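Residue-level structure breakdown
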Amino acid sequence: GISVDPGVPFDEKRNILVANATIPDQKIIWGETGANWLNLVGNVKNFLQKTGLEYNDVLTLLDLEFINPAGDISIHHLDASCDTDQKVIQVLDEIKLDRIKRFLRLWRKLKGWKMWELDLVIRHPAIGAGTLDEAFLIKLYYLGRLRTRLGKKVTVEQLCALFGELNTETHFTELYKKRAEALYQSLFL
């Protein structure tokens, strides 16, 4: 379901696969100008509007290893209120914003997938090996076909186990809730 049109400068496929991590390009993509453009994009209220995500989705996004490999992107609360205008996503730069944009575009194409599932597939050594590229999209296509053939009861996490080790990483579910167990914990613990 990803469109390809060689006649235009950027189609959906290139928007997902081609890293475009320059400051001028990211300003255009995120619709901001000026010297403080990162502060404007990093404001949680603005970020929610630009991405169409809910607050819990942003927390999920920032918990993903593909998006936040160093664990340095976080939400800083300017006050104790629930006002998202008083919350700032810290340590964003053009490289991280490009990765976020590309991830979200692909995630929205995968109907019914959770963010952590896409993160798991991208980082899986036999499927994505940590990169969003043409080879990964082809493997993702075949993974989707395999999932269809095996039936709706098979999870993305179980499919990944067919190609490597069982997932042992827990994942974020909701604010103030326990992290969800991985396949390994649910099978053996």
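Everything below is about the structure printed above this text.
Here the structure is a predicted model, which is why all the values come from computation and not from measurement.

Quick look at the overall build of the protein chain now. Regarding its fold elements, the protein chain presents ten helices and two strands. Secondary structure elements of the protein chain occur, N-terminal to C-terminal, as α-α-α-α-α-β-β-α-α-α-α-α. Against the compact-globule benchmark of 16 Å for 189 residues, the protein chain has a radius of gyration of 18 Å, which places it among compact chains. By its C-alpha atoms, the protein chain is 50 × 50 × 25 Å across when sized along the principal axes. With 189 residues in all, the protein chain has 38% of them scored as buried. Here the contacts in the protein chain between residues at least 6 apart in sequence split such that 50% fall between residues at least 24 apart. Carbon and sulfur atoms make up 55% of the accessible area of the protein chain, which amounts to about 10700 Å² in all. Once the 25 positive and 25 negative side-chain charges of the protein chain are each reduced to a mean point, those two points are 6 Å apart.

Along the chain, arginine 102 turns up in helix H6 (residues 94-109). Of note is the side chain of arginine 102, whose polar atom sits 3.0 Å from the backbone oxygen of leucine 17.

What follows deals with the packing of helix H7 (residues 115-123) against helix H8 (residues 134-150). At a minimum axis separation of 11 Å, H7 and H8 run at an interaxial angle of 120°. Taken together, H7 and H8 sit at an angle that is classed as oblique. In this structure, H7 crosses over H8, and the sense of that crossing is right-handed. When H7 is examined against H8, the residues Leu118, Val121 and Ile122 are found in contact with a partner set consisting of Phe136, Leu140 and Leu143. Of the residues contributing to the contact of H7 with H8, the split by class is six nonpolar, no polar and no charged.

Tracing the backbone through its elements, the reader meets proline 9 in the segment before helix H1 (12-17). Taking the C-alpha atoms as reference, proline 9 lies 33 Å from tyrosine 55; in sequence the two are 46 residues apart.

Attention shifts here to the pattern of salt bridges. Inspection of every chain in the model, using the stated rule, returns eleven salt bridges. A salt bridge links arginine 179 to aspartate 63; the shortest N-O distance between them is 3.1 Å. Highlighted residues: arginine 179 in the loop between helix H9 (156-162) and helix H10 (183-188) and aspartate 63 in helix H5 (residues 55-63), separated in sequence by 116 residues. The shortest N-O distance in the salt bridge between arginine 123 and aspartate 119 comes to 2.9 Å. Placement of the pair is arginine 123 and aspartate 119 together in helix H7, with a separation of four residues, close to one helical turn. The exposure class assigned to arginine 123 is partly exposed, which follows from its relative accessible area of 21%. A residue is classified by how much of its surface remains accessible, and aspartate 119, at 4% relative accessible area, is buried.

In this section: the packing of aromatic side chains. Tallying each qualifying case throughout the model produces four aromatic pairs. When the ring of tyrosine 184 is compared with that of phenylalanine 188, the centres are 5.4 Å apart and the planes differ by 50°; the resulting orientation is tilted. Linking tyrosine 184 with phenylalanine 188, this pair stays in helix H10, spanning four residues, or about one helical turn. Given a relative accessible area of 54%, phenylalanine 188 falls into the exposed group.

The next point concerns the side chain of asparagine 167. Of note, asparagine 167 is situated in the loop between H9 and H10. When near neighbours in sequence (up to four residues on either side) are disregarded, asparagine 167 contacts Trp116, Leu120, Glu157, Ala182, Leu183, Tyr184 and Gln185.

Further remarks concern the nonpolar core. In this structure, Phe47, Leu61 and Phe103 are the most contacted members of the largest nonpolar core, which totals 45 residues. Broken down by secondary-structure element, the contributors of at least two residues to this core are H1, helix H3 (37-42), helix H4 (44-51), H5, H6, H7, H8 and H9. For leucine 61, the contacting residues outside a window of four places in its chain are Phe47, Leu53, Ile67, Ile100, Phe103, Leu104 and Met115.

Cut-offs and rules
Residues numbered from 1 in each chain as written. Predicted model: local features only at pLDDT ≥ 70, side-chain atom pairs only at ≥ 80, totals over all residues. Heavy atoms only, no water. Helix = DSSP H or I, 4+ residues; strand = E, 2+ residues; numbered from the N terminus. Rg over C-alpha atoms; globule rule 2.2 N^0.38 Å. Buried < 20%, exposed > 50% of the residue type's maximum accessible area, 1.4 Å probe, protein only. Contact = heavy atoms within 4.5 Å. Areas by Shrake-Rupley, 256 points an atom, 1.4 Å probe, with all protein chains shown as cover. Lys, Arg positive; Asp, Glu negative; His and termini not counted. Charge placed at Lys NZ, Arg CZ, Asp CG, Glu CD. Polar contact = N/O pair within 3.5 Å; in protein donor to acceptor, adjacent residues only side chain to side chain. Axes fitted to C-alpha atoms, helices over the stretch in contact; angles between N-to-C directions. Parallel < 35°, antiparallel > 145°, perpendicular 65-115°, else oblique. Left-handed = near helix turned anticlockwise from the far one by under 90°. Nonpolar A, V, L, I, M, F, W, Y, C, P; charged D, E, K, R; others polar. Salt bridge = Lys/Arg side-chain N within 4 Å of Asp/Glu carboxyl O. Phe/Tyr/Trp six-rings, centres within 6.5 Å; stacked < 30°, edge-to-face > 60°. Core = buried A, V, L, I, M, F, W, Y, C linked by side-chain atoms within 4.5 Å.

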